[in-house]
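Reading the structure
Residues per chain, in single letters:
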Amino acid sequence: MVIKSAEFVKSSGKWQDCPEPNIPEYAFIGRSNVGKSSLINAMMNRKDLAKTSQTPGKTQLINHFFVNEEWYLTDLPGYGYARVSKVQRKDFEKLITNYILNRKNLVNLFVLIDVRHTPQKIDIEFIEWCGENGIPFSIIFTKSDKLKPNAVLKNVENYKNELLKTWEGLPEIYITSAEKKEGTEAILSFIAKTNEF
Ligand code: GTP
Ligand code: MG
């Protein structure tokens, strides 16, 4: 898919404040610092459309971007950020889960996972939660430029095996680097395919 336009629409502090759910929507979720905002920028060929930071917890609201005047791409706050208070973490979780459960036009949720790590409990639990709630999702591995190609494949394989302990099949899986702009076209093709743009 060629990106002709991508514009910031609004930041929302609760799901009820999000834009009218009248066009298809795709959202990025994952742990703080996994690279959600960076990958959105890479996909949109923009440097600073979504705000990024080396410090986890940068994105704290639901951010909507309007792409090609046809669909929304949504940047969500990260989950599992340890350095905020328990109350604040609960508030983030509520914001994210309410959005996911209530957003009627959400076509697919992309769950981002840092490819450098062994399967983490918090991600596995989040994926289980998506399954239990019937949320359509795919998995995107991020930061592939930080490992040698063999190590990337080995970690992805590990993850698949972990998922197959509880799932009969596997979701769509993408391997990406925002830094090197790799893997972004496959995600855009999936989006185009699921909506026939
Ligand atoms: P929160 O908004 O805090 O939840 O984080 P986020 O998931 O949006 O992460 P963000 O895109 O802000 O990136 C976090 C850090 O990882 C930044 O320092 C990025 O430059 C870096 N980063 C993101 N993607 C990549 C990648 O593909 N390769 C490398 N090497 N660094 C990356
Ligand atoms: Mg972010």
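Predicted, not measured: the structure shown is a model, and the values here were computed from it.

What counts and what doesn't
- Residue positions are given per chain, counted from 1 along the sequence in the order it is written.
- As a convention, the first chain written is A and the first ligand written is 1, with the rest following in written order.
- Thresholds applied to this predicted model are a pLDDT of at least 70 for local features of residues and 80 or more for the giving and counting of side-chain atom pairs; totals over whole chains, interfaces and linings are not thresholded and use all residues.
- By the criteria applied, helices consist of DSSP H or I runs no shorter than four residues and strands consist of E runs no shorter than two, each listed in order from the N terminus.
- In this description the radius of gyration comes from C-alpha coordinates, and the expected globular size is given by 2.2 Å times residues to the power 0.38.
- Exposure classes come from backbone-placed C-beta atoms, where a residue is buried if 20 or more other C-beta atoms lie within 10 Å of its own, exposed if 12 or fewer do, and partly exposed in between.
- Note that contacts rest on C-beta atoms placed from the backbone: two residues are in contact if these are within 7 Å.
- Between any two strands, pairing holds if DSSP finds at least two bridges.
- Orientation is described by lines fitted to C-alpha atoms, with helices fitted over the stretch in contact, and by angles between N-to-C directions that extend from 0 to 180 degrees.
- The term nonpolar core refers to a set of buried Ala, Val, Leu, Ile, Met, Phe, Trp, Tyr and Cys residues connected through C-beta atoms within 7 Å.
- Note on scores: pLDDT gives the predictor's confidence for each residue, bounded by 0 and 100.
- All residues are tested the same way: a C-beta atom is placed from the backbone, and lying within 6 Å of a molecule or strand makes the residue near it.
- Amino acids outside the nonpolar list (Ala, Val, Leu, Ile, Met, Phe, Trp, Tyr, Cys, Pro) and the charged list (Asp, Glu, Lys, Arg) are all regarded as polar, and Gly is one of them.

Some words on the overall build of the protein chain
A count of helical and extended segments in the protein chain gives five helices and seven strands. Moving toward the C terminus, one meets the helices and strands of the protein chain in the order β-β-α-β-β-α-β-α-β-α-β-α. For a compact globule of 197 residues, the expected C-alpha radius of gyration is about 16 Å, and the protein chain comes in at 16 Å, within 12% of that figure. With the C-alpha coordinates aligned to their principal axes, the bounding extent of the protein chain is approximately 40 × 40 × 35 Å. Going through the 197 residues of the protein chain one by one, you find that 31% of them count as buried. The contacts in the protein chain between residues at least 6 apart in sequence include a share of 72% that link residues at least 24 apart.

Structural notes on the sheet that holds strand S3 (residues 62-67)
Strand order in this open sheet of seven strands is S1-S3-S4-S2-S5-S6-S7, and the pairing throughout is mixed. Strand pairing shows two members of the sheet lacking a second neighbour, strand S1 (6-12) and strand S7 (173-175), which therefore form its edges. Each strand axis lies, on average, 25° off the axis of its neighbour in the sheet, ignoring direction.

Things to note about the nonpolar core
Of all hydrophobic cores here, the largest spans 36 residues; its most connected members are Ala-27, Phe-28, Phe-110, Val-111, Leu-112 and Ile-113. Of all the secondary structure elements, the ones that give two or more residues to this core are strand S2 (25-30), helix H1 (36-44), S3, strand S4 (71-75), strand S5 (106-114), helix H3 (121-132), strand S6 (137-142) and helix H5 (184-195).

Side note on unusual backbone geometry
In this model, Glu-69 sits at a positive phi of 55°, which is unusual for a non-glycine residue. Position of Glu-69 relative to the elements: it lies in the loop between S3 and S4. We classify Glu-69 as exposed; it has 10 C-beta atoms within 10 Å. Phi is positive for Lys-181, which is not a glycine, with a value near 55°.

Some details on the confidence of the model for the protein chain
Taken residue by residue, the protein chain gives an average pLDDT of 93. The fraction at 70 or more is 98%. Taken over the whole predicted complex, pTM reads 0.95, whereas the ipTM for its chain interfaces reads 0.99.

Here's the deal with the pairing of S6
Alignment of S5 against S6, held across six bridges, turns out to be parallel. Bridging across to S6, Leu-109 finds its partner in Phe-137. In terms of strand pairing, S6 meets S7 through three bridges, oriented parallel. Directly across from Ile-139, in S7, lies its bridge partner Ile-173.

Some thoughts on the site of ligand 1
Residues in close proximity to ligand 1 total 24 residues, the closest being Gly-35, Ser-38, Thr-52, Thr-59 and Gly-78. Residue contributions to the shell around ligand 1 peak at three residues, all from H1. Looking at the shell around ligand 1, its residues break down into four nonpolar, 14 polar and six charged.

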